[in-house]
Each structure stands twice: as structure tokens, then as C-alpha cells.
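Tertiary structure, described
This is what each chain is made of:
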Amino acid sequence: MISFKFVLDPQLAAANSGITLQSPLGYTNRAPGLAAPLGFAAILVFCLFSSSRLLAALASIPTVAA
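None of the values given here were measured: they were computed from a predicted structure. For every chain, the first residue of the written sequence is number 1, and numbering continues from 1 onward in sequence order. Confidence filtering applies because this is a predicted model: local features only for residues at pLDDT of at least 70, side-chain atom pairs given and counted only at 80 or more, and all residues used for totals across whole chains, interfaces and linings. Computation of side-chain values covers all heavy atoms of the structure but excludes hydrogens and water.

**With respect to the overall build of the protein chain**
Numbering goes from the N terminus for both helices and strands, where a helix is a DSSP run of H or I of at least four residues and a strand is a run of E of at least two. Secondary structure summary: the protein chain contains four helices and zero strands in total. Note on exposure labels: buried denotes an accessible area under 20% of the residue type's maximum, exposed denotes more than 50%, and partly exposed covers the range between, all computed with a 1.4 Å probe on protein chains only. For the protein chain, the proportion of its 66 residues judged to be buried stands at 15%. Each accessible area is a Shrake-Rupley estimate made with a 1.4 Å probe; only the visible protein chains count as cover when residues are assessed. Entry remark: accessible area of the protein chain is about 5000 Å², with carbon and sulfur atoms responsible for 71%.

This is the structure:
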């Protein structure tokens with residue numbers, strides 16, 4: 001949900017966190033922090049629909065957390 005908040009309205013979400021994005025470079029530097037959790041969530045949702053991929057999904061969670 002955090003990633004979606006920054007994807008939909010990055011300036012407002014950053015302002016609510018006390019961050020000011022004043023240039024296009026600020027938006028570019030913020031993008032990798034959004035892509036990682038959003039991509040990981042997409043992978044987990046993809047693995048959710050197949051019983052053969054459930055073990056891989058469960059194994060990836062502690063790997064990313066570590």
C-alpha cells in the first residue's frame with residue numbers, strides 16, 4: 001500500500017512524510033524505493049495462484065527480510 005501511495009501521488013505522499021521533491025531528479029531517486037516492494041508484492045501474488053510456487057514464495061519472504 002505504501003508503494004501505491006507514492007505511485008499515485010508522489011508529491012503529496014512525500015510531503016506527508018516531510019520530504020520535498022523539488023526537481024525531476026528527486027522523483028527519479030525516489031523511484032527505486034517504490035519499485036522494490038511493489039515488484040516483490042507482485043511476485044508473491046503471482047506465486048499465490050499455483051500450489052507448486054507456494055514454497056518458493058514462502059522461501060523468498062525470509063530471504064528478502066534478511
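**Description of the environment of Leu58**
Relative to the helices and strands, Leu58 resides in helix H4 (residues 54-65). Since its relative accessible area comes to 57%, Leu58 is described here as exposed. In this structure the C-alpha to C-alpha distance between Leu58 and Leu44, which are 14 residues apart in sequence, comes to 8.6 Å.

**Quick word on a nonpolar patch on the surface**
Here a patch means residues that are over 30% exposed by relative accessible area and free of salt bridges, tied together within 9 Å if like-charged and within 5 Å if nonpolar (Val, Leu, Ile, Met, Phe, Trp, Tyr). One side-chain nitrogen of Lys or Arg within 4 Å of one carboxyl oxygen of Asp or Glu is enough to make a salt bridge. A surface patch of nonpolar side chains, amounting to about 430 Å² of accessible area, comprises Val45, Leu48, Phe49 and Leu54. Relative to the assigned elements, Leu54 resides in helix H4.

**Re the packing of aromatic side chains**
Two rings belonging to Phe, Tyr or Trp (six-membered ring only in the last case) form a pair when the distance between their centres is within 6.5 Å. Interplanar angles under 30 degrees mark stacking, angles over 60 mark edge-to-face geometry, and anything in between is tilted. Per the counting criterion, the structure on display carries zero aromatic pairs. Taking the ring centre of Phe46 as reference, the NZ or CZ of Arg53 above it sits at 4.1 Å. Note on criteria: charge over ring means Lys NZ or Arg CZ within 6 Å of the ring centre, with the direction from the centre no more than 35 degrees off the ring normal.

**Remarks on the confidence of the model for the protein chain**
Here pLDDT means the predictor's own confidence in every residue, given as a number from 0 to 100. In the predicted model, the protein chain carries a mean pLDDT of 78, and 79% of its residues have values of at least 70. Considering each helix and strand of the protein chain separately, the mean pLDDT is smallest for helix H1 (residues 2-8), with a value of 67, and largest for H4, with 85.

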